Amino acid sequence: MKLIFEHSVDGRQCSILPTCDVELTPMPDIMKRTVPPRLPELSEIDVTRHYTALCKRAHGVNCGFYPLGSCTMKYNPRVDEEIAALPQFTGIHPLAPLYSVKGCLEVLELSKKYLCSITGMDDMTLQPAAGAHGEFTGLLLIKSYHVARGDFKRTKIIVPDSAHGTNPASAAMCGFSIVSVPSNDEGCVDLDALKSVLDYEVAGLMLTNPNTVGIFDKNILEITDLVHQFGGLVYYDGANLNAIMGVVRPGDMGFDVIHINLHKTFSTPHGGGGPGSGPVGCKEFLKGFLPSCAISNASTSLQVKSFYGNFLVIIKALSYIMTLGAQGVREASQNAVLNANYLMHCLKGTFTPAYNRTCMHEFVLGLDSFKEQTGVTALDVAKSLIDEGMHPPTMYFPLIVHEALMFEPTETESKETLDEAAEILKTLYRRAFDDAESMKTAPHCAAISRPDEVLAARQPVLKYDF
Amino acid sequence: MGSYVPSTQSQRQEMLKALDINSYDELYCDVPESVKLKDLLDLPKGKSELEVVRDMTAIAEKNVLFRTILRGAGAYDHYIPAIVKSIPQKEEFLTAYTPYQAEMSQGILQSIFEYQTMIAELTGMDIANASVYDGASAAAEALAMCRDRKRSVSLISLSSHPDAVKTMETYCFASNNQLKTISCKGGRTDISILESLLTDDVSAVYVQQPNFFGIFEDIDAIAQCVHKAGAMLIVGCNPIALAIMKTPSQCGADIVVGEGQPLGMPIAFGGPYLGFMATTAKNMRKLPGRIVGQTVDHDGNTAYVLTLQAREQHIRREKASSNICSNQALCALTAAVYMSTMGADGMKQAAEQSMSKAHYLQRELCKLPNVELRYEQPYFDEFLLDMPKIDQILSSLERKGILGGLPFDDGVLWCVTEKVGKDMLDLVVATCKEVLQA
């Protein structure tokens, strides 16, 4: 398919602006741009057809099943888009006088209140723009807390080996050294291993519970207690919050700081990779370190981006919470867990779960022995799913499971969709024994066949060659 | 109560039965009883879609929507063509995630590749990434790109947006790196102070163009000093100005970042916006965030993939160049649609009209008694005025549905975009005149 630049015709344009009604002030010669940017010259119909064609080569939740583990690809209610597009929200300047932004402030206050209630936290900032940004902010709270107490020796953050890559990366950005703790046979924190790395140099522990293999760590109270005994704080990675809303709260499990992914748990669209929103909640004693906005509050100590956060994303999450209410929030989590367990159950006798027990909102298959028997890899299965119109699960994560495929169906998929997905997976399982070759070359019906990623990295072509 | 769970009650029972359990509670067998919630969460009851629309609209109506906005300071009210609002709402773009599965995501990947090309063109740089959170965090990420063992000190000009300054300070506090600020003289970066701060441990210098006061910095001169001292120059740019302004690349910038909001995003009480980042080919492997590259598929067809992933957190973990995962993809798409719709000529018009109208308003206001331009320097579409009766002037304007400039440092920082007509600017001048003569 052509690039948008290849549709460009010299002299073609859209008619958008009127002619200037004041005297032209020219750019001073010394400041003038000499060569204009080579942007495409198009009419509106060229623009809309090009992007419509791109749409046909993309897959969103609205196109079909999207069980991408750890990403919570649930349905994004259309009404939330409509509410976020109200001109009385989109047309408000972030530095308008306070009396004129009461509605915006109410959105922020209500969102904080509801999110604190769901997570068991005392206060919250809505400034971080995404989950990893929230991790960075939350760890800064931990760092600021220790520094404010004059405790400068706390230089280490403990991260389980099953953690998302963002956890160690965020800790490194906060100047911490990372101590990795191994998981036990159940994919949970190995208590003895944890005890062996705990000391008074530990600033904190980062944990997601349920963890990345989709299991709720039943030793959670002991874990948070142990870290506290050594004066460390405990950070909750909210990536998997969709499993436990209304059932148990991180704040009650001993967590001091938490981030939430509004674009996962609270159903705001992922937008092809953002904008998300990663609010950070904390317990009372950390409130004073929460970031704010320098231009409207000069005394702020921390700030992680401009203004107050991805406001329109926050509106969508708030509308979603208001729609569901106390019961609906719990219903969402319960059914996310039910759907995951049901899909895992339906696969019995074919692919083997990495941990054969009740899971939370997601589960991981380990295709190690399947690969030995058939030569077909987790990647081949994933690529074969594409031909079936289903988005593949997360592949090769978490790192502690070999040939991992991680499924997170979410609560917004019906029993029929799960049954159908199970049938597709079973068919592929059988095909691997009869016709492994066709799976190794899959997909066959997609926009492209498998791309050469090595070439892309070795000889990077990162823009159009005019 | 609203619900998006499609399975009926009887289907849910069927599924529980298949699992050989009777209740949801049994699914949560690993949760310690002592912390399991006994009651419902402290949240209001759920509502129907219609009720939520009513309630949220009522909240929205508590805001005052000004028909004319003459305030910028990091959020710019440019005209957004209708098509730029509708295309990003297409569900395939809206409801997809990061294009990890290239075969199923060519549309998203190609749109990012096109966006990268447009940002490279606009800034004059070799390459761009797929976006970061906003202009302030882009500036902070750029500082991190430049550090090495020998050089770890960052210098930033105080003529930059206060939010960007504070964000860079926060990121440097986080990574235990030193940051020093360069003060201003006459509304611009004081180059003699910059020179005195350029020791051999300085890795990078950040300057905003046009700066927070709307004034053009002498980037050529700054680049010369910075490079002489062996450091790198990061320039934070207004993307609309770039349509008519000498590119930072031509001035010698090593990294160009900026707030992409003016490229088709509403001001929306501060977000979501768009951080763009572009740099030289030499710095390619230091660039944070997603990058899309062109390659071929197994059959030799052109294909697009996420590439150079060895920089990223999911591969490198604590050694990654940044922790960024989700970025602002849909905002980048919006910017690409904006740039495609406006074209180079349309963007030039938006830039020229913003600049011309700002100068018209400034000239007219400065004809009023005791109104003066604080800094006599060439500027783009923002300017700082010293004027009496600031509060009364702004209130009078607000009563007429006009949000005036931002009160800042005992003056007013005005901003005019192409959206505002001459008659409206004349009304602003007349209103100011009335207040000043009263």
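Numbering of residues starts from 1 in each chain and follows the order in which that chain's sequence is written. Here every chain gets a letter starting at A, and every ligand a number starting at 1, in the order they are written. Local features are withheld for residues below a pLDDT of 70 in this predicted model, meaning they are given only at 70 or higher, and side-chain atom pairs are given and counted only at 80 or more; totals for whole chains, interfaces and linings count all residues. To get the side-chain values, all heavy atoms of the structure are used, and hydrogens and water are removed first.

(A) The arrangement of the overall build of chain B in detail. Helix numbers and strand numbers start at the N terminus; a helix is a DSSP run of H or I with at least 4 residues, a strand a run of E with at least 2. Along chain B, the regular secondary structure elements total 14 helices and 17 strands. Here the C-alpha coordinates of chain B stretch approximately 85 × 55 × 50 Å along the principal axes. Out of the 438 residues in chain B, the part that is buried amounts to 68%. The contact criterion used is simple: two residues touch if any of their non-hydrogen atoms lie within 4.5 Å. At a minimum sequence separation of 6, the contacts of chain B that also span at least 24 residues come to 70%. When the accessible surface of chain B is totalled, it reaches about 14,700 Å², and 49% of it is carbon and sulfur. In chain B, 41 positive and 53 negative side-chain charges are present, and the distance between their average locations comes to 3 Å. Three labels apply to residues, based on accessible area from a 1.4 Å probe with only protein chains included: buried if under 20% of the type maximum, exposed if over 50%, partly exposed otherwise in between. Note that accessible areas follow from Shrake-Rupley with a 1.4 Å probe, and for residues the cover is restricted to the protein chains shown. Under the counting rule used here, the positive set is Lys and Arg, the negative set is Asp and Glu, and His together with the chain ends is not counted. Each charge is placed at NZ for Lys, CZ for Arg, CG for Asp and CD for Glu.

(B) A look at the overall build of chain A. Each helix and strand counted, chain A has 14 helices and ten strands in total. Each radius of gyration reported is based on C-alpha atoms, and the globular scaling rule is 2.2 Å times the count of residues to the power 0.38. Taken over the C-alpha trace, chain A has a radius of gyration of 25 Å; the compact-globule value for 466 residues is 23 Å, and the two agree within 12%. Viewed in the frame of its principal axes, chain A has a C-alpha envelope of about 75 × 65 × 45 Å. Per-residue burial over chain A gives 67% buried out of 466 residues. Contacts in chain A between residues far apart in sequence, at least 24 positions, make up 72% of those at least 6 positions apart. Carbon and sulfur atoms provide 50% of the accessible area of chain A, an area that totals close to 15,300 Å². Between the centroid of the 39 positive side chains of chain A and the centroid of its 52 negative side chains there is a distance of 2 Å.

(C) Structural view of the sheet that holds strand 9 (residues 394-395) of chain A. Residues and elements named next belong to chain A. With antiparallel pairing, three strands are arranged side by side in an open sheet as 8-10-9. One side of each edge strand has no neighbouring strand; the edge strands of this open sheet are strand 8 (363-366) and strand 9. Of the strand pairs in this sheet, strand 8 and strand 10 (residues 404-407) are connected by four bridges, and their pairing is antiparallel. Note that in strand 10 the partner of valine 364 across the bridge is methionine 406. In the packing of helix 11 (residues 378-387) onto the sheet, contacts are made with strand 9 and strand 10, and the angle to strand 10 comes to roughly 40°. A pair of strands counts as paired when DSSP detects no fewer than two bridges linking them. Helix axes are fitted to C-alpha atoms over the stretch in contact, other axes to C-alpha atoms as well, and angles between N-to-C directions run from 0 to 180 degrees.

(D) Highlighting the side chain of A:Ser306. Relative to the helices and strands, A:Ser306 is located in the loop between strand 7 (280-282) and helix 9 (311-346). Beyond its immediate chain neighbours, meaning those up to four positions away, A:Ser306 contacts B:Asp134, B:Ala136, B:Asp163 and B:Thr167.

(E) Up close: the domain arrangement of chain A. By the assigned domains, chain A splits into domain 1 (1-16 + 38-56), domain 2 (79-321) and domain 3 (327-456). Domain segmentation is taken from an automatic or database assignment of domains. A straight line from the C-alpha centre of domain 1 of chain A to that of domain 2 of chain A covers 41 Å.

(F) Fine view of unusual backbone geometry. Look at the link from A:Asn209 to A:Pro210: it is a cis peptide, with omega at 5°. In the segment running from A:Ala442 into A:Pro443, the intervening peptide bond is cis, with an omega of 5°. Mapped onto the fold, A:Pro443 is located in the loop between helix 13 (436-440) and helix 14 (453-458). Phi at A:Ser267 takes a positive value of approximately 65°, unusual for a residue other than glycine. For A:Ser267, the position within the fold is in the loop between strand 6 (257-260) and strand 7. Owing to a relative accessible area of 2%, A:Ser267 belongs among the buried residues under this scheme. In this structure, B:Asn176 is a non-glycine residue whose phi angle is positive, near 60°. Looking at the secondary structure, you find B:Asn176 in the loop between helix 7 (162-174) and strand 4 (179-182).

(G) The packing of helix 5 (residues 106-123) of chain B against helix 12 (residues 329-365) of chain B, seen in detail. Residues and elements named next belong to chain B. For the pair helix 5 and helix 12, interaxial distance at closest approach is 9 Å and the crossing angle is 45°. The pairing of helix 5 with helix 12 is recorded here as oblique in orientation. The chirality of how helix 5 crosses helix 12 is left-handed. Contacts between helix 5 and helix 12 involve Ser111, Tyr115, Met118, Ile119 and Leu122 from the first element and Ala332, Leu333, Ala335, Ala336, Met339, Ser340 and Met347 from the second. Throughout this description, any angle smaller than 35 degrees is read as roughly parallel, any larger than 145 degrees as roughly antiparallel, any in the 65 to 115 degree range as roughly perpendicular, and the remainder as oblique. If you view the pair so one helix is near and one far, a crossing is left-handed when the near helix is turned anticlockwise from the far one by less than a right angle, and right-handed when it is turned clockwise.

(H) Broad picture of the sheet that holds strand 5 (residues 233-238) of chain A. Residue and element names in this part refer to chain A. A sheet is described by the order of its strands in space; here seven strands give the open sequence 1-7-6-5-4-2-3, paired in mixed fashion. Unpaired on one side and paired on the other, strand 1 (123-125) and strand 3 (177-181) mark the two borders of the sheet. Neighbour to neighbour, the strand axes of the sheet diverge by 25° on average, direction disregarded. Looking at chain direction, strand 1 and strand 7 are connected through three bridges and run antiparallel. The residue bridging threonine 125 from the neighbouring strand is valine 280, located in strand 7. Across the sheet, helix 4 (residues 102-119) lies against strand 1 and strand 6, angled at about 120° from strand 1, the strand it touches most. Docked against the sheet, helix 8 (residues 220-229) engages strand 4 (202-207) and strand 5, running at close to 135° with respect to strand 5.

(I) Representation of helix 4 of chain A. Taking 1.5 Å per residue, 18 residues should reach 26 Å; helix 4 of chain A reaches 26 Å between its end C-alpha atoms and fits that length. Buried within helix 4 of chain A are the following residues: A:Gly103, A:Cys104, A:Val107, A:Leu108, A:Leu110, A:Ser111, A:Tyr114, A:Leu115, A:Cys116, A:Ser117, A:Ile118 and A:Thr119. Buried-residue contacts for helix 4 of chain A involve helix 3 (87-90), strand 1, strand 6 and helix 9 of chain A together with helix 2 (49-60) of chain B. Immediately downstream of helix 4 of chain A, the backbone of A:Gly120 shows phi near 75°, a positive value. Working rule for helices: expected span equals 1.5 Å times residues minus one.

(J) Region of the structure containing the packing of helix 9 of chain A against helix 12 (residues 415-434) of chain A. All names here are of chain A. At their nearest, the axes of helix 9 and helix 12 sit 9 Å apart, and the two run at 30° to each other. Pair helix 9 / helix 12 crosses with right-handed handedness. On helix 12, the residues that touch Asn339, Tyr342, Leu343 and Cys346 of helix 9 are Lys415, Leu418, Asp419, Ala421, Ala422 and Lys426. Tallied by class, residues from the contact of helix 9 with helix 12 come to six nonpolar, one polar and three charged. Note on residue categories: nonpolar means Ala, Val, Leu, Ile, Met, Phe, Trp, Tyr, Cys or Pro, charged means Asp, Glu, Lys or Arg, and polar means any other residue, Gly included.

(K) Quick peek at the domain arrangement of chain B. The domain architecture assigned to chain B consists of domain 1 (9-59), domain 2 (68-78 + 344-437) and domain 3 (82-338). Relative placement of domain 1 of chain B and domain 2 of chain B: their C-alpha centres are 52 Å apart.

(L) Structural view of the interface of chain B and chain A. Each partner contributes residues to the interface: chain B has 186 residues there, and chain A has 206 residues. Here the quantity called buried area is the accessible surface, traced with a 1.4 Å probe, that two parts lose on coming together, added over both. Here chain B packs against chain A, burying approximately 16,800 Å² in sum over the two surfaces, 65% of which is carbon and sulfur. In what follows, salt bridge is the name for a side-chain nitrogen of Lys or Arg lying within 4 Å of a carboxyl oxygen of Asp or Glu. At the boundary of chain B with chain A, the tally comes to ten salt bridges. Of the charged contacts in the structure, one is a salt bridge between A:Glu331 and B:Arg12, with a shortest N-O distance of 2.8 Å. The leading source of residues in the side of chain B that touches chain A is helix 12 of chain B, at 25 residues. Here the residues of the side of chain B that touches chain A sort into 95 nonpolar, 54 polar and 37 charged.

(M) Summary view of the confidence of the model for chain B. Confidence of the predictor at the level of single residues is captured by pLDDT, which takes values from 0 to 100. Mean pLDDT over chain B: 97, with 100% of residues reaching 70 or higher. This prediction of the complex comes with two scores: 0.98 for pTM and 0.98 for ipTM.

(N) Fine view of the packing of aromatic side chains. Each Phe, Tyr or Trp ring (for Trp, its six-membered ring) is paired with any other whose centre lies within 6.5 Å, and the angle between the two planes then decides the class: stacked below 30 degrees, edge-to-face above 60, tilted in between. Inspection of the entire model under this criterion finds 30 aromatic pairs over all chains. Ring centres of A:Phe307 and A:Tyr308 lie 6.1 Å apart, and the angle between their planes is 55°; this geometry places the pair in the tilted category. Since its relative accessible area comes to 1%, A:Phe307 is described here as buried. The interplanar angle of 75° and the centroid separation of 5.9 Å between the aromatic rings of B:Tyr97 and B:Tyr100 together place this pair among those described as edge-to-face. The partly exposed category is assigned to B:Tyr100, whose relative accessible area is 30%. Grouping aromatic residues by their ring pairs yields a cluster made of A:Phe89, A:Phe307, A:Tyr308, A:Phe311, B:Phe269 and B:Tyr273. Whether a charge sits over a ring comes down to the Lys NZ or Arg CZ being within 6 Å of the ring centre and within 35 degrees of the ring normal. One cation-aromatic arrangement involves A:Lys143 over A:Phe176; the distance from NZ or CZ to the ring centre is 5.7 Å. For A:Lys143, the ring lying beneath its charged end belongs to B:Phe173, and the centroid distance is 5.6 Å.

(O) Structural context of helix 13 (residues 390-399) of chain B. Within helix 13 of chain B, burial applies to B:Ile390, B:Ile393, B:Leu394, B:Ser396, B:Leu397 and B:Glu398. Looking at the buried side of helix 13 of chain B, the elements it contacts are strand 15 (402-403), strand 16 (406-408), strand 17 (411-415) and helix 14 (422-437) of chain B.

(P) Summary view of the environment of B:Val202. All names here are of chain B. Note on placement: valine 202 falls in strand 7 (residues 202-209). Given a relative accessible area of 0%, valine 202 falls into the buried group. Separated by 49 residues in sequence, valine 202 and valine 153 have C-alpha atoms that sit 4.5 Å apart. In this structure valine 202 touches Arg151, Val153, Leu155, Leu197 and Ala231, once residues within four positions along its chain are discounted.

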